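Spelled out, the chains give:
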Amino acid sequence: MRLYATVAAGGFRRHAAYRVATAAGVFTNSVFGFILSYTYIALWDERPRLGGYSMDDALAYVWIGQALLTVCGLMGGGFEDELIERIRTGDIAVDLYRPADLQAWWFSANAGRCAFQLLGRGAAPMAIGALAFRFTTPSGPGGWLAFLVAVALGSTVSFAIWYLAAMSAFWLLDGQGVVQVVWLGGLFFSGMLLPLNVFPGTLGEIARMLPWASLLQVPADVYLGKYEGAAELAGAYAFQGCWALVLLAAGRLVQSAATRKVVVQGG
């Protein structure tokens, strides 16, 4: 465990070193936050209570999305390109022979990245949005803590999704096609464009059952207090946790198959 804690700390320091990139990211997230906010204002003026959200809820949703864009990897996990490149060049063989689990290593590095992004590109856009607009905030420290738990689970599901996408490069030689499909899935089915509660009929039901809902829709609804009581909140966490376990287990199966492939080719 000490090794993986060190890897996580290294991931935090690595991303903290890129201060100009972080500032540029905050600026970009804030600009898109303003664009989406005024778009949502126009939409909610025409359709009040759309998706069960008030105007204040909708504006909060916008800035939650901008805050979690990099934390939960809505448009990219931040590590998949590097992992794909190591697979493509064959450097991954060295990683697989190390006395450390490949999935746990990358999970730890990604956890450090998420922690920094939450502080660097998460809190700042939310603060900017709060200064410019009036929107819903959690009621008390318990609400914020519940939200942070949902974010942690969402980032775990995100890692599991992007890890599977990257590991596909063992068989496809270039995993960018899979990455593009996952990117589109995350953009649409996470609720980044519109809350999944707005999606009509069967499409909405399916979208809310997919793992991408864990990345933004569930944390946002926890933040907004849409889960009433401990039972409903536990159900939301269970949804995220089940997807995390299933996808992480799938990642381990793919990793085992990849390891056997490397051993056979090496032999």
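Here, every reference points to the structure presented above.
Residues numbered from 1 in each chain as written. Predicted model: local features only at pLDDT ≥ 70, side-chain atom pairs only at ≥ 80, totals over all residues. Heavy atoms only, no water.

*Asks:* Kindly report on the nonpolar core, identifying the contributing residues and their values.
*Replies:* By size, the foremost hydrophobic cluster in this structure holds 54 residues, and its most contacted members are Ile 64, Leu 68, Leu 83, Phe 135, Met 167, Leu 216 and Tyr 223. With 11 residues, helix H7 (residues 141-167) is the largest single contributor of residues to this core. Not counting chain neighbours up to four residues away, the residues in contact with Leu 83 comprise Ile 92, Trp 106, Tyr 163, Ala 166 and Met 167. By size, the runner-up hydrophobic cluster in this structure holds six residues, among which are Ala 146, Ala 150, Val 222 and Tyr 237. (Core = buried A, V, L, I, M, F, W, Y, C linked by side-chain atoms within 4.5 Å. Buried < 20%, exposed > 50% of the residue type's maximum accessible area, 1.4 Å probe, protein only. Helix = DSSP H or I, 4+ residues; strand = E, 2+ residues; numbered from the N terminus. Contact = heavy atoms within 4.5 Å.)

*Asks:* Lay out empty space enclosed by the protein with the relevant residues and their values.
*Replies:* The tally for this structure, following the rule as stated, stands at one cavity of 30 Å³ or more. Put simply, the largest cavity is a space of about 40 Å³. Every residue along the wall of the largest cavity is listed here: Leu 36, Tyr 40, Tyr 61, Val 62, Gly 65, Gln 66, Met 192 and Leu 216. Here the element with the most residues in the lining of the largest cavity is helix H3 (residues 55-68); it accounts for four residues. (1 Å grid on protein atoms, 1.4 Å probe; cavity = no way out; pocket = protein on both sides within 12 Å on 5 of 7 lines; lining within 4 Å. Points joined across faces, edges and corners; volume = space filled by probe spheres on them.)

*Asks:* Could you give an account of the packing of aromatic side chains, naming the residues involved and the relevant values?
*Replies:* One pass over the full model with this rule turns up 18 aromatic pairs. Note on Tyr 53 and Tyr 61: the rings are 5.9 Å apart at their centroids and 35 degrees apart in plane angle, and the pair reads as tilted. On the numbers, 5.3 Å between centres and 80 degrees between planes, the contact of Phe 107 with Phe 159 is edge-to-face. Here Phe 159 lies in helix H7 and Phe 107 lies in helix H6 (residues 102-132), a separation of 52 residues in the sequence. We classify Phe 107 as partly exposed; its relative accessible area is 32%. Each member of the aromatic cluster is reached from another via a ring pair, and the members are Phe 79, Trp 106, Phe 107, Phe 159 and Tyr 163. (Phe/Tyr/Trp six-rings, centres within 6.5 Å; stacked < 30°, edge-to-face > 60°.)

*Asks:* Any details on the layout of surface pockets? Residues and values, ideally.
*Replies:* Space inside the largest pocket adds up to approximately 310 Å³. What lines the largest pocket is a set of 20 residues, among which Arg 14, Glu 82, Trp 105, Trp 106 and Ala 109 lie closest to the centre. Put simply, the parts of the chain that give the lining of the largest pocket at least two residues each are helix H1 (2-16), helix H4 (80-89) and H6. With six residues, the single largest contributor to the lining of the largest pocket is H6. Of the residues belonging to the lining of the largest pocket, the class tally is seven nonpolar, six polar and seven charged. (Nonpolar A, V, L, I, M, F, W, Y, C, P; charged D, E, K, R; others polar.)

*Asks:* Please set out the packing of H6 against H7 residue by residue, giving values where relevant.
*Replies:* Remark: H6 packs on H7, axes separated minimally by 10 Å, with the N-to-C direction vectors making an angle of 135 degrees. With respect to each other, H6 and H7 are oriented oblique. Crossing angle aside, the handedness with which H6 passes H7 is right-handed. Seen from H6, the contacting residues are Leu 102, Gln 103, Trp 106, Phe 107, Asn 110, Cys 114 and Leu 118; seen from H7, they are Leu 148, Ser 155, Thr 156, Phe 159, Tyr 163 and Met 167. Partitioned by chemical class, the residues of the contact of H6 with H7 number nine nonpolar, four polar and no charged. (Axes fitted to C-alpha atoms, helices over the stretch in contact; angles between N-to-C directions. Parallel < 35°, antiparallel > 145°, perpendicular 65-115°, else oblique. Left-handed = near helix turned anticlockwise from the far one by under 90°.)

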